[in-house]
Amino acid sequence: MNNNQENKNFYVTTPIYYVNDNPHIGHMYTSLAADILSRFKKLDGYNTFFLTGTDEHGQKIEKSAKEKNKDIKEFVDTISENFKSLTPLLNLQNDDFIRTTEPRHKEAVQDLWQKLQDNDFIYLDKYQGWYAIRDEAYYTQEDLILNDNGQKVAPTGAEVEWKEEESYFFKLSHFQDKLLQHYNNNPNFIAPKGRFNEVYSFVKRGLKDLSISRSSFSWGIPVPRDNKHVIYVWLDALTNYISALGYPNIHNPNYQNFWTNNSESLHIVGKDIIIFHCVYWPALLMAAGLPLPKKIFAHGWWLNNGQKISKSLGNVITPQKIISTYGLDSIRYFLFKEVNFGNDGNFSDEEIIKRINNELANEYGNLVQRTLSIINKNFLGQLQVTKYSAEQMNYLEKTNNILENCKNHINMQNILAYINEAWEIIKYGNAYIDKSAPWNLIKTNKEEAANILLFIVELLKRASILLNPVMPNATENILQQINFPKNKINFCEYKNLLPLTHNINQNSIVFNKFIG
Ligand code: MSP
């Protein structure tokens, strides 16, 4: 981390994952998105903090452990480890991994509760209503729908049970106007726009106070001074975004850098959990007098060959399986190239194979291979050029605009537009090398051939730096082949030309075609 760069702080989080299940493509997707955004900002000179972790309390987890006849603590420890192992598996650069069973988190949640109580936003009453354990959410009678079996279920399809118990309530209803005002004043607070509208109309319809404690089970953080109750799992879970930054110690440098006005803080979440993040969380923070995140971005859901993914259908896609079949960087590329971040996506082997073969191997990989092979074969890897032509300089200038456009796309979490923009350099490189045919020129004008080849190497350098957040290993491999030092992979060096006398390294194939 670089502490000199005040005002250039970027905080990105994933939801913390429930430990009732093992990691699947949905978890992988959110974590990769956060990783791409954080890596990009790092290359742009930002101080970054990328947080992920596990959500380990609540009735759902307690029930899962019981069903498997496991001791709860051992159960959560094991599954949490499986989520932790996504870091090396997905090549994530997360800065911390928070577990809600850690003492630092418990302290933060109880402190937040205390603030809500001190500010008079908590009262004790009786809860009566429908609870869905799967969603860990409360529903009203009007929310319920009939499923195919004629059974009353939550709008998400989750089974509900009638609950009547003593409960503490958070005065959520007090925050309707304040929230609407915040949305109006901060139109980018929730993205994409469709989700903003969804949340806005939800709040506009009116907010009921929220039950924030449970006394029918004990797997949770106790309510301060009332051990009969545990704190509602969503209040507990949402607090992870600040407990990991050192809260309640607001002087902790991480809290100062990433949870104050100095930071571009961003929660990446799936579309199913926007109400918790865009309504409950900001209201709780307002009630406690704490700063709000700057933005919440909701992505869509992955389907498997058009079908909803579920354990009962047996079509769960695990990260291990697809990575061992296609390779990590191909998957990282595919997931963000296939659909606009924000929309639903469909996972299909045909589509991924097409993208690997047509785009990664034929376009990117092939440009690298044909360029570097000619240099190694005909110039012993050594190029010497006097100067670039006006046309070449013009295009290099254009790649500087491409970089700026990519920064704008990333600021809007438009990962697909960013990849497409960066890909323009690869397309141009292929068209340029086809048109100028250096393989012919080496026989007649070696100097001119060297000029063309170094120019393409410069383009490959730029494209590879720009795409490094998406495919870290593949791009670092390419940059190594063109003899560009790893410690220079950043957006300042992107703009600096390679020396006009330059040696490359041995070349080898980076993207193999997939023959299935
Ligand atoms: N524990 C809560 C989050 C608390 S955050 C303070 C939770 N956990 S979860 O494990 O059920 O889901 C985590 C994320 O995975 C959610 O953002 C959810 O949208 C996402 N996905 C689950 N299945 C998915 C797909 N099939 N496709 C894409 N993402 C999906 O919710």
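No experiment lies behind these values; they were computed from the predicted model shown.

A few points about the sheet that holds strand β13 (residues 222-223)
Within the open sheet, the three strands sit side by side as β12-β14-β13. Their pairing is antiparallel. Edge positions in the sheet fall to β12 (213-214) and β13, since each has one partner strand and no second. As defined by bridge partners, β13 adjoins strand β14 (residues 226-231) across two bridges and the pair is classed as antiparallel. Bridging from a neighbouring strand, Val 223 pairs with Asp 226 of β14.

Here's the deal with the site of the ligand
As a structural note, the neighbourhood of the ligand is formed by 22 residues, with Ile 16, Asp 55, Gly 270, Asp 272 and Trp 302 the closest of them. A distance of 2.9 Å separates a nitrogen atom of the ligand from a polar backbone atom of Trp 302. Protein chains shield 93% of the accessible area of the ligand, which is 670 Å² for the free molecule. Taken together, the elements giving at least two residues each to the shell around the ligand come down to β2 (17-18), α1 (25-43), α8 (233-238), α9 (240-243) and β15 (263-270). Among the elements that line the shell around the ligand, the one with the most residues is α8, at three residues. Partitioned by chemical class, the residues of the shell around the ligand number 12 nonpolar, eight polar and two charged.

Structural notes on the pairing of β14
Of the strand pairs in this sheet, β12 and β14 are connected by two bridges, and their pairing is antiparallel. Within β14, the position partnered with Arg 214 by the bridge is Val 230.

Looking at the side chain of Arg 99
Along the chain, Arg 99 turns up in strand β4 (residues 96-99). Contact partners of Arg 99, with chain neighbours within four places excluded, come to Thr 54, Glu 56, Lys 73, Val 76, Asp 77, Ser 80 and His 105.

Observations regarding the packing of helix α7 (residues 193-204) against helix α11 (residues 274-288)
Two elements in contact, α7 and α11, have axes separated by 10 Å at closest approach and are oriented at 55°. As far as their axial angle goes, α11 and α7 are oblique. Seen along the crossing, α7 lies across α11 with a hand that is right-handed. Counted together, Arg 195, Glu 198, Val 199, Phe 202 and Val 203 of α7 and Ile 274, Ile 275, Cys 278 and Val 279 of α11 form the full contact between these two elements. Of the residues in the contact of α7 with α11, the class split is seven nonpolar, no polar and two charged.

Structural notes on the environment of Gln 382
Tracing the sequence through the fold places Gln 382 in strand β19 (residues 382-384). With relative accessibility at 48%, the residue Gln 382 sits in the partly exposed group. Distance in space between the C-alpha atoms of Gln 382 and Ile 504 is 6.5 Å, their sequence separation being 122 residues. Residues within four places of Gln 382 in sequence aside, it is in contact with Ile 375, His 502 and Asn 503.

Regarding the packing of aromatic side chains
Evaluation of the coordinates by the stated rule reveals 41 aromatic pairs. Between Phe 297 and Phe 341, the aromatic rings sit 4.9 Å apart at their centres with planes inclined by 5°, giving stacked as the arrangement. Here Phe 297, found in strand β16 (residues 295-299), pairs with Phe 341, found in the loop between α13 (328-338) and β18 (345-347); they are 44 residues apart in sequence, far enough to count as distant. Classification of Phe 297 as buried rests on a relative accessible area of 3%. The class of Phe 341 is buried, set by a relative accessible area of 5%. An aromatic cluster is present here, built from Tyr 29, Phe 297, Trp 302, Phe 334, Phe 336, Phe 341 and Phe 347 joined pairwise through their rings. The ring of Phe 196 has Lys 193 sitting right over it, with the charged end atom 4.0 Å from the ring centre. Here the basic side chain of Arg 462 rests over the ring of Tyr 494, its NZ or CZ set 5.5 Å away from the ring centre.

A closer look at unusual backbone geometry
Geometrically, the link from Ala 191 to Pro 192 is a cis peptide bond, its omega value of -10° lying close to zero. With respect to the helices and strands, the residue Pro 192 is situated in the loop between β10 (190-191) and α7. Between Tyr 247 and the following residue, Pro 248, the backbone shows a cis peptide bond with an omega angle of 10°. Checked against the element boundaries, Pro 248 lands in the loop between α9 and α10 (253-258).

Examining the layout of surface pockets
As a volume, the second largest pocket reaches approximately 500 Å³. Forming the walls of the second largest pocket are 28 residues, and the residues nearest its centre are Asn 188, Phe 189, Ser 265, Lys 294 and Lys 295. Mapped by element, the contributors of at least two residues to the lining of the second largest pocket are α1, β10, β15, β16 and α15 (390-411). For the lining of the second largest pocket, the element with the highest residue contribution is β15, accounting for four residues. Of the residues that constitute the lining of the second largest pocket, the class distribution is 14 nonpolar, nine polar and five charged.

Description of the pattern of salt bridges
Scanning the model with the defined rule gives 32 salt bridges in all. The residue Asp 135 makes a salt bridge to Arg 134 at a minimum N-O spacing of 3.8 Å. For Glu 338, the salt bridge goes to Arg 355, with nearest N and O atoms at 2.7 Å. Here the residue Glu 338 occupies a position in helix α13, and Arg 355 occupies one in helix α14 (residues 349-379), the gap between them amounting to 17 residues. A relative accessible area of 16% places Arg 355 in the buried class. Among the charged side chains, a network of salt bridges with common partners joins Asp 44, Glu 404, Lys 407 and Lys 495.

Conventions and cut-offs
- Residues numbered from 1 in each chain as written.
- Predicted model: local features only at pLDDT ≥ 70, side-chain atom pairs only at ≥ 80, totals over all residues.
- Heavy atoms only, no water.
- Pairing = 2+ DSSP bridges.
- Helix = DSSP H or I, 4+ residues; strand = E, 2+ residues; numbered from the N terminus.
- Near = heavy atom within 4 Å.
- Polar contact = N/O pair within 3.5 Å; in protein donor to acceptor, adjacent residues only side chain to side chain.
- Areas by Shrake-Rupley, 256 points an atom, 1.4 Å probe, with all protein chains shown as cover.
- Nonpolar A, V, L, I, M, F, W, Y, C, P; charged D, E, K, R; others polar.
- Contact = heavy atoms within 4.5 Å.
- Axes fitted to C-alpha atoms, helices over the stretch in contact; angles between N-to-C directions.
- Parallel < 35°, antiparallel > 145°, perpendicular 65-115°, else oblique.
- Left-handed = near helix turned anticlockwise from the far one by under 90°.
- Buried < 20%, exposed > 50% of the residue type's maximum accessible area, 1.4 Å probe, protein only.
- Phe/Tyr/Trp six-rings, centres within 6.5 Å; stacked < 30°, edge-to-face > 60°.
- Lys NZ or Arg CZ within 6 Å of the ring centre and 35° of its normal.
- 1 Å grid on protein atoms, 1.4 Å probe; cavity = no way out; pocket = protein on both sides within 12 Å on 5 of 7 lines; lining within 4 Å.
- Points joined across faces, edges and corners; volume = space filled by probe spheres on them.
- Salt bridge = Lys/Arg side-chain N within 4 Å of Asp/Glu carboxyl O.

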